[in-house]
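Read off the chains here:
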Amino acid sequence: MQNNDSQAPENPAANAAEEAMQADLDALRQRIAELEAGNAELRDSVLRERADLENQRRRLQRDLEQARRFANEKLLNELLPIYDGLERGMTVEVSDVATMREGINLTLKELLRIAQNNGLVQVDPLGQPLDPERHHAVSMVEAPGQAPGTVVTVLQKGYVLNDRLLRPALVAVAKD
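Residues numbered from 1 in each chain as written. Predicted model: local features only at pLDDT ≥ 70, side-chain atom pairs only at ≥ 80, totals over all residues. Heavy atoms only, no water.

Undergrad: Explanation requested: the overall build of the chain in the structure shown.
TA: In terms of regular secondary structure, the chain is built from 3 helices and 6 strands. Along the chain, helices and strands appear, N-terminal first, in the series α-α-α-β-β-β-β-β-β. The C-alpha extent of the chain, read off along each of the three principal axes, is 150 × 50 × 20 Å. Burial statistics for the chain: of 176 residues in total, 10% are counted as buried. Summarising the internal contacts of the chain: among those between residues at least 6 apart in sequence, 62% fall at separations of at least 24. (Helix = DSSP H or I, 4+ residues; strand = E, 2+ residues; numbered from the N terminus. Buried < 20%, exposed > 50% of the residue type's maximum accessible area, 1.4 Å probe, protein only. Contact = heavy atoms within 4.5 Å.)

This is the structure:
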């Protein structure tokens, strides 16, 4: 018998295995494409987040610099009327010392008010026991009737800014 078929019969099991491998290969290629797309999305997201963080850091740095440059603006704006008052006082010819003294006293009171509004407190320890944290004793003097270590003279007032000592008061204290 002669076989008229020019092609040899194919193995159906081999065909099925090859088709299954091709389907697996296509599924793997599709999965790789999905993972690469997800990876690209994540990479873009990370880059955007980095750029946002860098922009925020720059913005904060700029705001901090602005705050440093203009931190004293409010205080200085409040001091301008005192400056103006002192300038006006210097231009007035007054022969009356009492009037001049009164003007200086008013200016000093206004200056102290502004300082207190900005957290500055005077340290005037007259009659108080010596506090080495806030007072600097420069001399000891005889002071009958005063307890030893009591401040009897304030040579220079001290100042505290928002609970932090700016300058200790220079004082003389009573001897033992």
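Undergrad: Please explain the pattern of salt bridges as it appears in this structure.
TA: Any two side chains of opposite charge can pair, on the condition that their charged atoms come close. Counted under the stated rule, the structure contains 8 salt bridges. With its nearest N and O atoms 3.6 Å apart, the salt bridge here joins Arg58 to Glu54. Here Glu54 and Arg58 lie together in helix α1 (residues 12-69), a separation of 4 residues that amounts to about one turn. Residue classification places Arg58 among the partly exposed positions, given a relative accessible area of 49%. (Salt bridge = Lys/Arg side-chain N within 4 Å of Asp/Glu carboxyl O.)

Undergrad: Could you clarify how one ought to interpret helix α3 (residues 97-117) in this entry?
TA: Working note: α-helix, 3.6 residues per turn, so residues spaced by three or four point in the same direction. Between its first and last C-alpha, α3 extends 30 Å over 21 residues, near the 30 Å set by a 1.5 Å rise per residue. Regarding α3, the residues found buried are Thr107, Ile114 and Ala115. In an axial view of α3, the angular spread of the buried residues amounts to 100 degrees, which keeps them on one side of the axis. Pointing more than 90 degrees away from the buried face of α3 are the exposed residues Arg101, Glu102, Leu106, Lys109 and Gln116. In this structure, the buried side of α3 is in contact with α2 (73-91) and β1 (120-123). Between the side-chain oxygen at the start of α3 and the backbone nitrogen of Ala98 there is a gap of 3.3 Å, and the oxygen is on Asp96. Among the residues trailing α3, Gly119 stands out with phi positive, at a value near 90 degrees. (Expected span 1.5 Å × (residues − 1). Arc of directions from axis to C-beta. Polar contact = N/O pair within 3.5 Å; in protein donor to acceptor, adjacent residues only side chain to side chain.)

Undergrad: What's the story with unusual backbone geometry in this structure? I'm lost.
TA: Where the residue is not glycine, phi is negative for most of them; where a peptide bond is considered, it is trans in most cases. Even without being glycine, Asn162 reaches a positive phi, approximately 50 degrees. Inspection of the secondary structure assignment puts Asn162 in the loop between β4 (158-161) and β5 (164-167). Within the chain, Asp163 stands out as a residue other than glycine whose phi angle is a positive 70 degrees. Examined against the element boundaries, Asp163 turns out to sit in the loop between β4 and β5. With relative accessibility at 75%, the residue Asp163 sits in the exposed group.

Undergrad: Honestly, the pairing of β4 in this entry has me stumped. Any pointers?
TA: It is a general feature of regular strands that their side chains alternate between the two faces of the sheet. Only one face of β4 is buried: it carries Gly158 and Val160, and the other face, with Tyr159 and Leu161, is open. With 4 bridges connecting them, β1 and β4 associate as antiparallel partners. Bridged to Val123 within β4 is Gly158. Two elements, β4 and β5, share 3 bridges in a ladder whose sense is antiparallel. Looking at the pairing, Leu161 lines up with Arg164 of β5. The turn linking β4 back onto β5 is made up of 2 residues, and Asn162 within it adopts a positive phi angle of 50 degrees. (Pairing = 2+ DSSP bridges.)

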